[in-house]
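Letter by letter, the chains look like this.
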Amino acid sequence: MKKIVSLCIALLVTGAAVAQTFKVPPYQKFKLKNGLTVYLMEQHEVPLINVSVAFDAGSVKDAGRYGLATMTAEALLFGSSKYTKAQIEEETEYVGADLSTFAGREVAKLTASFAVKDADKLLNIIQDVVTKPAFDPAEFDKYKQRQILSLTQQKESPRSVIGSYFNRFIYGEHPYANPLSGTQSTVEKISVADVRAFYQKEYTADRAAIAVVGDFNSADMKKRLTALFGGWKTAAATAPKLAEPVVAFNENRLLLVNKPDARETTFMIGGKGITQNNPDYIPVVVVNTILGGRFTSWLNDALRVNSGLTYGANSRFATFKNSGTFAISTFTKTSSTTEAVDLALQVLDSLHRTGIDAKTLESAKNYIKADFPPRYESAGELANLLTDMFSLGFDESFINNFQKNVDGLTLERTRQIIDTYFPKKALQFVLIGRADAIRDKVKKYGNLTEKEIKTEGF
């Protein structure tokens, strides 16, 4: 027993030491002649290679055709000049490799993981998919019909769509409000020709990056990637840089989305947040951990543990390159709607009134430092980190100084962070629930606007 206890203590001490010393491993960064940025990071612990390719082609580029960026990213795997969709799936599944694509709000990505012995096969597939996608019309049409069917059902789950309503309420017509998956009417109108045109315009080498992390020799990998991607010719990017949205409110506002058959109310409360590059990002994360960023947070304790009003409550900062939002979110049964909203507001108010004590701050710091290194343990996570650095415009100092900046946060500084970044006035409320049951009770929270959930869009 003593040996087991000693081993556990040793592991904890070792883990703490790793947390204190975690740095981004050494890597190479260079550009090919066509402007494609390349990151190479050798990791020889296991015979695997991970690839992350990022394009400046997220949903902010939809231009009113909501869902176009997501459909284009997904359609990259519907065949290429050398492979059909079935062949891509067979070739990757046969060797146990992973290959996927997706679009986020600001970027579109391809990610892959495969054994070193299969590097030639998988790198050739990736090169063909990225540079010569076929956008097979038959495969695209099958995918589009599945998307439409999914969109007809998505509003049955308020928790899966409330974020889209909140973003629209905060950002208005700015592209940050574009729904990632689109809407039924916009997706119905998107053709394979639209997808090809979006690819030609937005998947440009000069605004793209490829990161390769794993068990390889950098000099050899540089030659491979130069041979595979150096001759890829694309038009120069023409889309202007995304304008910064105006996010400023002078009053409380409430959007009530009526779902007549709802048995519970799902809500978000918040306002303007921070950008990914905000110099106070780390202090904000520490303070938010206390408010609503962990299971033992103040919000979860108040709304779930102590009152039983919900199964979970949280707060979070969604960060983008040019903007961001802050939001408290949870759900509760219809009859306890105002009780839950009031309690959430009381918790936020207590953050402003009482601030944070030394013991709580120390606990949050330890929680974050213990959670931080595991986020970048695998080669796949490191490959994504490198392309995120490219797309979101931060460098490794964000990672390398993370522990120091967490430790350096003082009680006095937390007061400034709370006052600056955690809104308590002009709050924006979005509630999805039975309007006839809660309208009169919730209109006290702000200037009321109503929508029917069956109405197209958000």
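Above this text sits the structure in question.
From a predicted model like this one, the values you see are computed outputs, not experimental measurements.

Reading guide: rules and limits
- Residues numbered from 1 in each chain as written.
- Predicted model: local features only at pLDDT ≥ 70, side-chain atom pairs only at ≥ 80, totals over all residues.
- Heavy atoms only, no water.
- Helix = DSSP H or I, 4+ residues; strand = E, 2+ residues; numbered from the N terminus.
- Rg over C-alpha atoms; globule rule 2.2 N^0.38 Å.
- Buried < 20%, exposed > 50% of the residue type's maximum accessible area, 1.4 Å probe, protein only.
- Pairing = 2+ DSSP bridges.
- Axes fitted to C-alpha atoms, helices over the stretch in contact; angles between N-to-C directions.
- Contact = heavy atoms within 4.5 Å.
- Phe/Tyr/Trp six-rings, centres within 6.5 Å; stacked < 30°, edge-to-face > 60°.
- Lys NZ or Arg CZ within 6 Å of the ring centre and 35° of its normal.
- Arc of directions from axis to C-beta.
- Polar contact = N/O pair within 3.5 Å; in protein donor to acceptor, adjacent residues only side chain to side chain.

A. Fine view of the overall build of the protein. Summing up its helical and strand segments, the protein has 18 helices and 12 strands in all. The C-alpha radius of gyration of the protein comes to 24 Å, within 12% of the 23 Å expected for a compact globule of 458 residues. Counting only C-alpha atoms and orienting by the principal axes, one finds that the protein spans roughly 65 × 65 × 45 Å. Relative to its full complement of 458 residues, the protein shows a buried share of 53%.

B. A look at the sheet that holds strand β1 (residues 28-31). Taken in spatial order, the six strands of this open sheet run β1-β2-β6-β3-β5-β4, and their pairing is mixed. What marks the edges here is a single partner per strand, and that holds for β1 and β4 (98-103). Averaged over neighbouring strand pairs, the angle between their axes works out to 15° when direction is ignored. In this sheet, strand β6 (residues 208-214) lies alongside strand β2 (residues 37-42) in parallel orientation, the contact comprising six bridges. The partner of V38 across the bridge, within β6, is I210. Across the sheet, helix α4 (residues 119-131) is in contact with β3 (48-55), β4 and β5 (108-115); its angle to β5 comes to roughly 165°.

C. Up close: the sheet that holds strand β10 (residues 324-333). The strand order across the open sheet formed by six strands is β9-β10-β8-β11-β7-β12, and the pairing between neighbours is mixed. Two strands in the sheet have a free side with no partner beyond their single neighbour: β9 (314-319) and β12 (447-452). Strand-to-strand twist in this sheet, taken as the mean axis angle between neighbours without regard to direction, amounts to 20°. Inspection of the sheet shows strand β7 (residues 253-258) paired to strand β11 (residues 428-433) by six bridges, in the parallel sense. Note that in β11 the partner of V257 across the bridge is I432.

D. Focus on the side chain of T37. Along the chain, T37 turns up in strand β2. The exposure class of T37 is buried, given its relative accessible area of 1%. Setting aside anything within four residues of it in sequence, one finds T37 in contact with K29, F30, K31, A208, A209, I210 and F390.

E. Up close: the packing of aromatic side chains. Evaluation of the coordinates by the stated rule reveals 19 aromatic pairs. For the pair Y281 and F398, a centre-to-centre distance of 5.5 Å together with 65° between the ring planes defines the contact as edge-to-face. Taken together, the residues Y281 in helix α10 (residues 281-292) and F398 in helix α15 (residues 397-400) connect sequence positions 117 residues apart. Taken individually, Y281 and F398 each receive the classification buried, so the pair is uniform in this respect. Centre to centre, the rings of F394 and F398 are 5.4 Å apart; their planes meet at 65°, and the pair counts as edge-to-face. Residue classification places F398 among the buried positions, given a relative accessible area of 18%. In this structure, K155 is placed above the aromatic ring of F458, and the distance from its NZ or CZ to the ring centre is 5.0 Å. Residue placement shows R159 over the ring face of F331; its charged tip is 3.6 Å from the ring centre.

F. Spatial organisation of helix α18 (residues 435-442). Of all the positions in α18, only A435, I438 and V442 are classed as buried. Axial view of α18: buried residues confined to an arc of 95°, hence all on one face. Residues D436 and D440 are exposed on α18 and point more than 90 degrees away from its buried face. Tucked into the core, α18 has its buried residues touching β7, β8 (264-272), α12 (337-354), β11 and β12.

G. Layout of the environment of S160. Along the polypeptide, S160 turns up in helix α6 (residues 158-171). A residue is classified by how much of its surface remains accessible, and S160, at 47% relative accessible area, is partly exposed. For S160, the side chain forms a polar contact with the main-chain oxygen of Q154, separated by 3.2 Å. Polar side-chain contacts of S160 include one of 2.7 Å to the backbone oxygen of S157.

H. Just unusual backbone geometry, in detail. Non-glycine residue A63 carries a positive phi angle of around 55°. In this structure A63 comes out as exposed when scored by relative accessible area, which is 66%. The phi dihedral of A426 is positive, around 50°, even though this residue is not glycine. Relative to the helices and strands, A426 is located in the loop between α17 (411-421) and β11.

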